[in-house]
Amino acid sequence: MTATTDSDHPSSPVRAGFWRQLGGGSLSISLMLHIILLAIGVIWIFQVIPAAPEKVFGITGKSGGGGPPADAQQKTQQVKISKANMPRIAVNFESNVVLPEPEEMSQMSTLGSLGKGSLSSGAGGPGGGGGNGPSNGPGGGPGTFAGNSNELSDKNPFGTADGNLNALVGTFYDLKQTKDGKPTNMTDDEMRQELPEIVRRGFKDKVLSKYFKAPRKLYQSKLAIPIMPADGAPAAFECEKEVQPRRWLVTYRGSVQAPHAGRYRFVGLSDDLLVISFNNRAVFDYGYTIAGTGTHVYGRSAELDGTKPNAELQRDLKRHTPMPLPFKFYKYAKTPRHNELVGGFAVGPEFEVRANTTYPIEILIGEIPGGSFSVNLMIEEIGVNYEKDPLGAPILPLFRLDNSLPDPDAKGETPPIDPNGPVWKFISPSTLDDF
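Residues numbered from 1 in each chain as written. Predicted model: local features only at pLDDT ≥ 70, side-chain atom pairs only at ≥ 80, totals over all residues. Heavy atoms only, no water.

A. Fine view of unusual backbone geometry. Leucine 325 connects to proline 326 through a cis peptide bond whose omega is -10°. You will see that arginine 247, though not glycine, has its phi angle at about 55°, which is positive. Mapped onto the fold, arginine 247 is located in the loop between α7 (232-236) and β5 (248-257). With phi around 65°, asparagine 280 is a residue other than glycine that occupies positive phi space. Mapped onto the fold, asparagine 280 is located in the loop between β7 (273-278) and β8 (281-285). For asparagine 280, a relative accessible area of 54% translates into the label exposed. (Helix = DSSP H or I, 4+ residues; strand = E, 2+ residues; numbered from the N terminus. Buried < 20%, exposed > 50% of the residue type's maximum accessible area, 1.4 Å probe, protein only.)

Right, here's the structure in full:
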């Protein structure tokens, strides 16, 4: 009898037959197919069904609405950026950092300080223009006036750009060119011939409308300008590129109330022109040229004060100017040049004002040949005793609409000023055409 071993009866065929009997082959194939189909289904689902959109918090106006898709995309990016940077811009109210005070602008007593951009632009980048630039914020940018325009009331001798101040409205005119910028070819003598008609018609805007007018308005509360280059005026009104510094006029218009009832008279002088209309009538006209007659009085004061009679001139002045004859002058120790060349500061006729009564006022100043310019306008109340200058003239207050005063140490033929004089009140008219 032969013995048997395990090797004589292999187990693999037996086991394989059993798996096949259970249908293992088909099951494996089925499982593999289902796994493949499941994977395809998952991929298809994620492709067809989009993810939930990210929430975007936009800012709209009160009326709602929205912009084009590009705007929406830009807003989305802005929101994301601002979220990422929020921790960086958080304000720490306990910070000990102190910002320095802005440095004051220097006195504009020369052409250089007026004409080399100090009135043209502030310091800063685009979009922050402190004048009439594309934005209203303080500082620089492509605005049309100084960034710190509110600080110019005592720095720019021709006025400030701040229209909110209680001050006369200043307008610049160039008689050398028409309103369209075409040359008039006007000479100095022709301007003196034109002045009487301008003064006779009240030097209102419609009278001067045929000439070039600077777009910039300035606002003036007093006239106290020491001798300075004549090109300072075009620079101050931001038209120095269009206007040569001669044969120009500036008018200041507004309405005022006296500090109290009384009798007053203007005292003043300009190199070259100073004319005042008060309550719609002329009450002053004196400078190196008398505008009402077009008379150049340089070196001719003796013909005005009666020491050197000139009947024809006296007759012309009496007919076309408000000045009392013979002329009365105040001479000051600090103004020797004016005293010698034109007699000093002329004294206008007296006029009476009532309390709480509004009076229109218009002031005309101007320059004819160019070179230098100056003007000082004071007011004297009849019956008041003023301190006296070493030469015997009364030290008068400025005609002013605020509490500001000129530099007491200013050079350039400036008269002494009473700092305690009364302040007149500015009254806003509805339009400049009201007077």
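B. Focus on helix α5 (residues 188-200). With 13 residues, α5 ought to run about 18 Å at 1.5 Å a step, and its terminal C-alpha atoms sit 19 Å apart, in line with that. Where α5 bends most, the angle comes to about 30°, and this point is glutamate 194, followed within four residues by the proline proline 196. Three or more residues of α5 are buried, namely Met191, Arg192, Leu195, Ile198 and Val199. Directly beyond the C-terminal end of α5, a positive phi value near 90° is found at glycine 202. (Expected span 1.5 Å × (residues − 1). Bend = angle between axes of the 7 residues up to and from the residue.)

C. Highlighting the nonpolar core. Among the nonpolar cores identified, the biggest contains 66 residues, and Phe158, Phe237, Phe266, Tyr286, Ile363, Ile365 and Trp424 are the most heavily contacted of them. Residues in contact with isoleucine 365, not counting those within four places in the same chain, are Phe158, Leu223, Trp248, Leu249, Val250, Tyr252, Leu273, Leu274, Phe373 and Val375. Residues Phe203, Leu208, Leu273 and Ala291 belong to the second largest nonpolar core, which totals 16 residues. (Core = buried A, V, L, I, M, F, W, Y, C linked by side-chain atoms within 4.5 Å. Contact = heavy atoms within 4.5 Å.)

D. Region of interest: the pattern of salt bridges. Evaluated as defined, the whole model comprises 14 salt bridges. Each member of the salt-bridge network shares a partner with another, and the members are Arg263, Arg265, Glu350, Glu352 and Glu380. (Salt bridge = Lys/Arg side-chain N within 4 Å of Asp/Glu carboxyl O.)

E. Up close: the packing of aromatic side chains. If you walk through the whole model with that rule in mind, you get 17 aromatic pairs. Grouped by ring-pair contacts, the aromatic residues Tyr264, Phe266, Phe278, Phe351, Tyr359, Phe399 and Trp424 constitute a single cluster. (Phe/Tyr/Trp six-rings, centres within 6.5 Å; stacked < 30°, edge-to-face > 60°.)

F. Local environment of the environment of asparagine 420. Looking at where asparagine 420 falls in the secondary structure, it is placed in the loop between β15 (372-381) and β16 (425-427). Note on asparagine 420: relative accessible area 68%, which makes it exposed. On a C-alpha basis, the gap between asparagine 420 and leucine 396 in space is 9.4 Å, while along the polypeptide they are 24 residues apart.

G. Region of the structure containing the confidence of the model for the protein. When pLDDT is averaged across the protein, the result is 76; 65% of the residues are at 70 or more. Across residues 1-16, where pLDDT falls below 50, the model places one contact with residues more than four positions away in sequence or in other chains. Within the model, the stretch residues 51-154 combines pLDDT values under 50 with 124 contacts to residues more than four positions away or in other chains. (pLDDT = per-residue confidence, 0-100.)

H. Region of interest: the environment of proline 183. Tracing the backbone through its elements, the reader meets proline 183 in the loop between β1 (168-178) and α5. Residue proline 183 is classed as exposed on the basis of its relative accessible area, which comes to 61%. Residues proline 183 and tyrosine 211, 28 residues apart in the sequence, show an inter-C-alpha distance of 9.7 Å. In contact with proline 183, not counting residues within four places along its chain, are Lys176 and Gln177.

I. Structural context of empty space enclosed by the protein. As enumerated under the stated definition, the model contains one cavity of 30 Å³ or more in all. Surrounding the largest cavity, Leu168, Gln220, Ser221, Lys222, Leu223, Tyr252, Ile363, Leu377, Phe399 and Leu401 form its lining. Of the residues contributing to the lining of the largest cavity, the split by class is seven nonpolar, two polar and one charged. (1 Å grid on protein atoms, 1.4 Å probe; cavity = no way out; pocket = protein on both sides within 12 Å on 5 of 7 lines; lining within 4 Å. Points joined across faces, edges and corners; volume = space filled by probe spheres on them. Nonpolar A, V, L, I, M, F, W, Y, C, P; charged D, E, K, R; others polar.)

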